[in-house]
Amino acid sequence: MNAYLQRIENDEIQDLAAVSIIGRSSECQIIIADPRVSRRHAMIRKQDGGFYLFDLGSFNGSYLNGSRVTAARQLQHGDVLTFADHEFHYGERGEKSSPASLEDLGGSTVALIRSTPVVLLVSDIKGFTSLSEAIEADDLAQIIGSWYSDCERILAEAGATVDKFIGDCVLAYWTTVSPETLAASFRAAEQLLASCDRIYSERPDVFEKIDRHFEIGVALHTGKVAYGGMSQGEFTLVGDPVNLTFRLESLTRDLGKNVLLSGDFVREWPEVRAHCKNHGVHRVKGRAQGVEVFSVTDFFV
């Protein structure tokens, strides 16, 4: 399935890529030359078989069918997107795949699934539910949008692929396991923490009022996964290491740490061991075998 935006003011059609940034910057895929539009205003991302709209912490907000976007929203054919007073129709071409008999295949492309070791990163906003209850929707949209934007930039610069955003959580991966990619993921974790400090410092009026900090948990793990086109328009990765990385990130709350590494990650990159604290083996939900857990004591690269 392909998708596009059509400017209502002039009927200009712009096709959407897997990730399309909307804003007034010349680096954006969809440029709106208007000072009321932020430099990086919004993002449309293809994931889970559809296209999703994210506001990137814009000053004046992004609107879907007249309602301000405060969290990721899946787009439907015919939706109206508004940035300042610039309106776009969202449209789709083609149909999602449906089961077909062998006689119907007639040369259809077979998905290529690879099995390979990867470096995995999961990051999640701590206490998001209570945060969303305490902060006004408009403020929350700007804060979460800034976080999405920082995640995209930091992970892209580190050479990672962002698999998907799931609400207030991001999953990313590197398709090789080497000292270079392990160090890159480690630096990305440090930069993601720094982005929280930046977001907090930009909105002291919001956070001081509720006496809360803006914090995330980050988990790093390595393992062998299957990745590729799981269905029409859906490219992702699956396997026990993916589930374990999500479980490892959830341990950041129990252990009171912001960044946790698995034993597998540390064994792949022995240099990091001197900069970590070993918390032993922990059981995680849905898994019979425990996981050895390390927390980061200092970022040395």
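Rules of the game
Residues numbered from 1 in each chain as written. Predicted model: local features only at pLDDT ≥ 70, side-chain atom pairs only at ≥ 80, totals over all residues. Heavy atoms only, no water. Pairing = 2+ DSSP bridges. Helix = DSSP H or I, 4+ residues; strand = E, 2+ residues; numbered from the N terminus. Core = buried A, V, L, I, M, F, W, Y, C linked by side-chain atoms within 4.5 Å. Buried < 20%, exposed > 50% of the residue type's maximum accessible area, 1.4 Å probe, protein only. Contact = heavy atoms within 4.5 Å. 1 Å grid on protein atoms, 1.4 Å probe; cavity = no way out; pocket = protein on both sides within 12 Å on 5 of 7 lines; lining within 4 Å. Points joined across faces, edges and corners; volume = space filled by probe spheres on them. Nonpolar A, V, L, I, M, F, W, Y, C, P; charged D, E, K, R; others polar. Axes fitted to C-alpha atoms, helices over the stretch in contact; angles between N-to-C directions. pLDDT = per-residue confidence, 0-100. Parallel < 35°, antiparallel > 145°, perpendicular 65-115°, else oblique. Left-handed = near helix turned anticlockwise from the far one by under 90°. Salt bridge = Lys/Arg side-chain N within 4 Å of Asp/Glu carboxyl O.

**Digging into the sheet that holds strand β8 (residues 67-68)**
Reading across the sheet, the 6 strands line up as β2-β1-β11-β10-β7-β8 and stay open at both edges, with antiparallel pairing between neighbours. This sheet does not close on itself; its edge strands, each paired only once, are β2 (13-15) and β8. Relative to strand β11 (residues 86-93), strand β10 (residues 80-83) runs antiparallel, the two sharing 4 bridges. Note on β11: the bridge partner recorded for T82 is E87.

**Some words on the nonpolar core**
Counting residues in each nonpolar core, the largest one holds 51 residues, and the members touching the most others are W147, L155, W174, F214 and L261. If near-sequence neighbours (up to four positions away) are discounted, L261 is found in contact with F186, L220, L248, V266, V272, C276, E292, V293, F294 and V296. L16, I22, I32 and L53 belong to the second-largest nonpolar core, a separate cluster that totals 19 residues.

**Observations concerning the layout of surface pockets**
Approximately 370 Å³ is the volume attributed to the second largest pocket. I21, S25, E27, R39 and R40 are, among the 17 residues lining the second largest pocket, the residues nearest its centre. Those elements giving two or more residues to the lining of the second largest pocket turn out to be β3 (19-23) and α3 (137-157). If you tally residues by element for the lining of the second largest pocket, the top one is α3, at 3 residues. Tallied by class, residues from the lining of the second largest pocket come to 6 nonpolar, 5 polar and 6 charged.

**As for the sheet that holds strand β4 (residues 30-31)**
With mixed pairing, the 5 strands of this open sheet are ordered in space as β4-β3-β5-β6-β9. With partners counted over all chains shown, the strands left at the sheet margins are β4 and β9 (73-74), one partner each. Here β3 pairs with strand β5 (residues 42-47) via 4 bridges, running antiparallel. The residue of β5 that forms the bridge with I22 is A42. α3 contacts β3, β5 and β6 (50-55) of the sheet and is inclined by roughly 115° relative to β6.

**Describing unusual backbone geometry**
Here the phi dihedral of D11 falls at roughly 65°; this positive angle occurs in a residue that is not glycine. Its place among the elements puts D11 in the loop between β1 (2-7) and β2. Here the phi dihedral of D211 falls at roughly 55°; this positive angle occurs in a residue that is not glycine. Looking at the secondary structure, you find D211 in the loop between α5 (204-210) and β15 (216-231).

**Observations regarding the confidence of the model for the protein chain**
Taken over all residues, the pLDDT of the protein chain has a mean of 87, while the share at 70 or more is 90%. When pLDDT is averaged over each helix and strand of the protein chain, the minimum, 42, is found for helix α1 (residues 102-105) and the maximum, 98, for strand β17 (residues 259-262). Long-range and interchain partners of residues 97-106, a stretch whose pLDDT sits below 50, account for 2 contacts in this model, where long-range means more than four residues apart.

**Concerning the packing of α3 against helix α4 (residues 179-202)**
Running from N to C, α3 and α4 cross one another at 155°; their axes reach a closest spacing of 10 Å. With respect to α4, the axis of α3 lies roughly antiparallel. In this structure, the crossing between α3 and α4 has a hand that is right-handed. Residues I143, S146, W147, D150, C151, I154 and L155 of α3 touch α4, and the partners they reach there are A188, Q191, L192, S195, R198 and I199. Of the residues contributing to the contact of α3 with α4, the split by class is 8 nonpolar, 3 polar and 2 charged.

**Let's talk about the pattern of salt bridges**
Taken as a whole and assessed by the stated rule, the structure comprises 17 salt bridges. The partner of R36 in a salt bridge is D85, with the nearest N and O atoms 2.9 Å apart. Of this pair, R36 sits in the loop between β4 and β5 while D85 is found in the loop between β10 and β11, placing the two residues 49 residues apart along the sequence. Between R153 and E157 there is a salt bridge, with its nearest N and O atoms 3.8 Å apart. With R153 and E157 both in helix α3 and 4 residues apart, this pair spans about one turn of that helix. What makes R153 partly exposed here is its relative accessible area of 37%. Residue E157 is classed as exposed on the basis of its relative accessible area, which comes to 58%. One network of salt bridges, with partners in common, ties together D150, R153, E157, R198 and E202.

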